[in-house]
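# A look at the structure
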Amino acid sequence: MHSTAFLLILAVGSWAQDRTTEAGEAAIKDPGVECSPYGYPPVTAQLSAFPPSAQRAKILPSDTTAQALWRDISSKVPTNIAVKPASGPPGYNYDGSDPDCWWTWSRCVSPKQPGLEPDVADVPEPSTLGYGFDDGPYCGHNLFYDFLASKDQKTTFFFIGTNVMDYPLEAQRAVVDGHEVCVHTWSHPPMTSLSNEDAFAELYYSMQIIKLVTGVTPTCWRPPYGDVDDRIRAIAQALGLQNILWKYDSDDWQFGSNGVTKEQIDANYEKMLNDGRNGLFDTKGAIILSHELNNFTLQEAIDIYPEIMSVFKHVVPVGVALNKTYPYVEKDFVLPSFEEYIHGMHTATPDDVDIPDVSNGTNGNSSPTTISTPNAAASSSAPSPPPQAPPPAAPDASDNGALTHFTFISPMIVATAIALWMLAC
Ligand SMILES: [Zn+2]
């Protein structure tokens, strides 16, 4: 009886986890299971082509393609803007006229160096929210993505490169589900504190890992902490990345630190929502900073969603709000225009996107760099854990009704219960 019960646990447990395909990974409802590391051959075969996980990116000595590209664009970077302290402005003796358009200093979004495009900090469409989330892919995000799918709601995800490397199937889900994906750097540094070359590496390798994993190369990015100046803008623009900032900040990432409560996060969302009720978005829309960081931030997004929908006429991916129908370098992926989206066409063309296929070892679209076709037969060693919060404990379903999205009965729990029942017999 004991061995039967043990085998039953093994059988149900393995049935619950197909961690070789996007669809299999998307079917996992237990964030704890979803967050356990796994190996994905198209990535593990290419680990040497990327900086190590959870470390600042550097141009790899062996990467002649990156070196050549950097040589090409390095001349486009202003030489009169100093590297800034990682700690930001406090106590820093900086020119108050803000000649560098340093957002961290003055919330400047209109570059002062010639030839640089302005940042996007709000959206031109009235009563519209450019909806997006930073810091993903969060390894336990399936329940939130399921929620979005249930609402036929698309959004923009700003992905951290090392998270994509560590949880590639989660990154694939964003593209397969028809969301927009932008870059949020390789290792989440304050970008103005990096050298030109290292700032390039942070963006370049993020673009490359997203391309390797999802088949598409982003054309947008968001600087961690909003930390950007004209030097960093020039590097990003040379890589073809449009800079997306925000005007409202949920500060949802602060929950649980320094006594920050859910009520305070709610109040941050309410500030934007009240501005909407008071007509501030009647002529142009808004962007708020929210995070795909952990179960709390995603549950908060679920909780606040009905109110967001009641205040804004339209809640759309940032790229849709900008009428950016070609969000990637690859032109076979087309987002709906704003007019199409608000008239019910929420689906992009994900069928045209070729994500790496482990089953036959192909990589769909050809890579724009020296990154070669992934070899499914290569190493199966799991990447190291990502630089994000560990899987949180099961949420408290008594908090509110919407928590049903994060409440589940794991197949493992069912199997264990059956086994215990059998043992009791
Ligand atoms: Zn971030």
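Naming follows an unreviewed UniProt entry, where the chain appears as chitin deacetylase of Agaricus bisporus var. burnettii. Under Catalytic activity (unreviewed entry), UniProt gives the following word-for-word description of the chain: "[(1->4)-N-acetyl-beta-D-glucosaminyl](n) + n H2O = chitosan + n acetate".

Along the backbone of the chain there are 16 helices and eight strands. Split into buried and exposed, the 425 residues of the chain put 44% on the buried side. In the chain, once contacts between residues fewer than 6 apart in sequence are set aside, the share between residues at least 24 apart is 76%.

As a further point, take the environment of Val123. Topologically, Val123 is positioned in the loop between α6 (103-106) and β1 (128-136). Residue classification places Val123 among the buried residues on the basis of 26 C-beta atoms within 10 Å. Between the C-alpha atom of Val123 and that of Trp246, which follows or precedes it by 123 residues, the distance is 9.5 Å. Discounting residues that sit within four places of it in the chain, Val123 has contacts with Thr128, Gly130, Lys284, Gly285, Ile287, Val318, Ala321 and Leu322.

Taking 1.5 Å per residue, 17 residues should reach 24 Å; helix α13 (residues 295-311) reaches 25 Å between its end C-alpha atoms and fits that length. Approximately 45 degrees is the largest bend angle found in α13, and it occurs at Ile304, with the proline Pro306 only one to four residues beyond. Looking at the buried residues of α13, the elements they touch are α3 (31-34), α7 (142-150) and α12 (262-277).

A few words on the nonpolar core. Core analysis: the largest hydrophobic core is formed by 87 residues, its most contacted members being Phe159, Val183, Leu203, Ile209, Ile210 and Trp221. When residues in this core are grouped by element, the largest group, 11 residues, is from helix α10 (residues 196-214). Not counting residues up to four positions away in its chain, the partners in contact with Val183 are Phe159, Leu203, Ser206, Met207, Ile210, Pro218, Trp221 and Leu241.

With respect to the helices and strands, the residue Gly276 is situated in helix α12. Placed 10 residues apart in sequence, Gly276 and Ala286 show a C-alpha to C-alpha distance of 8.9 Å. Not counting residues up to four positions away in its chain, the partners in contact with Gly276 are Phe281, Val311 and Phe312.

Reading the values: the criteria
- Residues numbered from 1 in each chain as written.
- Predicted model: local features only at pLDDT ≥ 70, side-chain atom pairs only at ≥ 80, totals over all residues.
- UniProt positions renumbered as here; feature names shortened; annotations may be inferred.
- Helix = DSSP H or I, 4+ residues; strand = E, 2+ residues; numbered from the N terminus.
- Buried ≥ 20, exposed ≤ 12 C-beta atoms within 10 Å, placed from the backbone.
- Contact = placed C-beta atoms within 7 Å.
- Expected span 1.5 Å × (residues − 1).
- Bend = angle between axes of the 7 residues up to and from the residue.
- Core = buried A, V, L, I, M, F, W, Y, C linked by C-beta atoms within 7 Å.

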